[in-house]
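Below, each chain spelled out in residue letters.
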Amino acid sequence: MNPAPTDYHQLLAAVKRRVREAQYRALQQVNQQQMQLYWDLGQLIAERQQQDGWGKSVVETLARDLQTEFVGMSGFSVQNLWYMRQFYLEYSTNGILQPLVGEISWAKHILIMSKCKDPHERLYYTLQTRNSNWTKAVLAQQLKAQAYQKTITAQHNFPTTLTAAQLPAATLALKDEYTFGFLALAPEHSEYELEQALLSNVRRFLIEMGGDFTFIGNQFRLEVEGQEYFIDLLLFHRELQCLVAVELKITEFQPEYAGKMNFYLSLLNERVKKSHEQPSIGIIICQSKQRTVVEFALRDVNKPIGVATYTLTDTLPAELRPFFPSNEELVQRLDAVTAALRSA
């Protein structure tokens, strides 16, 4: 047997990549065909109900006959046929949702449709699922954690500190609140314990942060005039192509936190950032915050900084979050999020 060429491992890696890409394209085509079938069945049922007065018994008979004819082919239960009808009726008249019918799997569409009624909210989860390759389990967790609401209510100074090209992706990169329910922490904990718990669960932490974040290190060392400074967590955002400094605070947000983060970002830009990368972004994650205090603290800061809170439970009662942006501001943020998702 002849020895393998010296570049065989590179060749094998390239072949594996091509095979996986082909498999993924094949799965996409299968999913698109399935979604088109379900769409057509939903349309047929809806139209026959309107034209011929089809009732519940007809749909039940149709489900039984389809299951008999196509043995081993799932998807023809009574409940699923009703879902197809609902899906067609609710999405066919919506110009922003109809083009996305074939973008994600049926199970994920059903989950989104059952949990979300607002078209913009459905758009957010559909595109985030597609763009970040969320599994059904991850999608369910994001829905439970109200990722959409926490994105449109996030506090930051990005519109005044980032370019128009960077703003859409940055808007999606920050939440108003992060859910760290996967951490086994006592209600009373230190910043060190919080940091170490996140490091021990770094994969789930990055999922909660967002699909485009990668981990660089913790207690990232910076030095100025012989004085050492340490950033709690340093991440990198692939879409934005920039470093992201994360500071963890177990207290309520204080205005001086913004000044310290501004200082860290200046050092990162001057001494750590690569020439091809964009200016760094900062995220301060606190246990609580007063929204008005955050607004004033960020108003004249010239570096892009966002301020969020964290919770160790999966849900937070609405009555504990009384201060939110105005309806007008929420509409503006909805438009920004929609634009960001479409451009992703």
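Quick note: structure is the one above.
What you are looking at is a predicted structure, and each value in this text was computed from that prediction instead of being measured. (Residues numbered from 1 in each chain as written. Predicted model: local features only at pLDDT ≥ 70, side-chain atom pairs only at ≥ 80, totals over all residues. Heavy atoms only, no water.)

Moving on, we get to the overall build of the protein. Helix and strand counts for the protein come out as 14 helices and seven strands. Restricting the contact set of the protein to residue pairs at least 6 apart, pairs at least 24 apart contribute 65%. (Helix = DSSP H or I, 4+ residues; strand = E, 2+ residues; numbered from the N terminus. Contact = heavy atoms within 4.5 Å.)

Going through the model one piece at a time under the given rule, you end up with 16 aromatic pairs. Aromatic side chains F180 and Y310 sit 5.9 Å apart centroid to centroid with 25° between the ring planes, which places their arrangement in the stacked category. With F180 in the loop between β2 (177-179) and α10 (191-200) and Y310 in strand β7 (residues 305-311), the pair connects residues that are 130 residues apart, well separated along the chain. The interplanar angle of 75° and the centroid separation of 5.0 Å between the aromatic rings of Y229 and F263 together place this pair among those described as edge-to-face. Of this pair, Y229 sits in strand β4 (residues 227-237) while F263 sits in helix α12 (residues 255-271); the two residues are 34 residues apart in sequence, bridging distant segments of the chain. With a relative accessible area of 26%, Y229 lands in the partly exposed category. Taking NZ or CZ as reference, K249 lies 4.9 Å from the ring centre of Y257, over its face. (Phe/Tyr/Trp six-rings, centres within 6.5 Å; stacked < 30°, edge-to-face > 60°. Buried < 20%, exposed > 50% of the residue type's maximum accessible area, 1.4 Å probe, protein only. Lys NZ or Arg CZ within 6 Å of the ring centre and 35° of its normal.)

Our focus in this paragraph is the pattern of salt bridges. Taken as a whole and judged by the stated rule, the model has nine salt bridges. One salt bridge in this structure joins K150 and E177, with 3.3 Å as the shortest N-O distance. Linking K150 in helix α7 (residues 147-152) with E177 in strand β2, this pair joins segments that are 27 residues apart in sequence. Given a relative accessible area of 8%, K150 falls into the buried group. The salt bridge partner of R291 is D176, with a shortest N-O separation of 3.1 Å. Of this pair, R291 sits in helix α13 (residues 291-298) while D176 sits in the loop between α9 (167-172) and β2, placing them 115 residues apart in sequence. (Salt bridge = Lys/Arg side-chain N within 4 Å of Asp/Glu carboxyl O.)

What follows concerns the side chain of K175. One can find K175 in the loop between α9 and β2. There is a polar contact of 2.8 Å between the side chain of K175 and the backbone oxygen of E208. For K175, the residues in contact, after removing those within four places along its chain, are Q142, A147, K150, T151, A154, E208 and A308. (Polar contact = N/O pair within 3.5 Å; in protein donor to acceptor, adjacent residues only side chain to side chain.)

So, on to α13. Along α13, the residues classified as buried are R291, V294, A297 and L298. Projected down its long axis, α13 shows its buried positions confined to an angular sector of 125°, all on one face. (Arc of directions from axis to C-beta.)

Attention shifts here to a nonpolar patch on the surface. Nonpolar side chains collect at one region of the surface, where Y8, L11, V15 and V19 lie side by side and expose about 340 Å² of accessible area between them. Along the polypeptide, Y8 turns up in helix α1 (residues 8-52). (Patch = residues over 30% accessible without salt bridge, like charges linked within 9 Å, V, L, I, M, F, W, Y side chains within 5 Å. Areas by Shrake-Rupley, 256 points an atom, 1.4 Å probe, with all protein chains shown as cover.)

The next subject is helix α5 (residues 119-132). Along an α-helix, residues three or four positions apart point the same way, because every turn accommodates 3.6 residues. The end-to-end C-alpha distance of α5, which contains 14 residues, comes to 20 Å, matching closely the 20 Å that a straight helix rising 1.5 Å per residue would cover. Of the residues trailing α5, N133 is marked for its positive phi of about 55°. (Expected span 1.5 Å × (residues − 1).)

Before going further, it helps to spend a moment on the nonpolar core. Formed by 37 residues in total, the largest nonpolar core has its most connected members in L81, F87, Y91, W106, I112, Y125 and L139. The set of elements that each furnish at least two residues to this core consists of α1, α2 (56-69), α3 (78-91), α4 (106-115), α5, α6 (136-144) and α7. Sequence-distant contacts of L139, defined by excluding residues within four places in its chain, comprise K108, L111, I112, Y125, T129 and W134. (Core = buried A, V, L, I, M, F, W, Y, C linked by side-chain atoms within 4.5 Å.)

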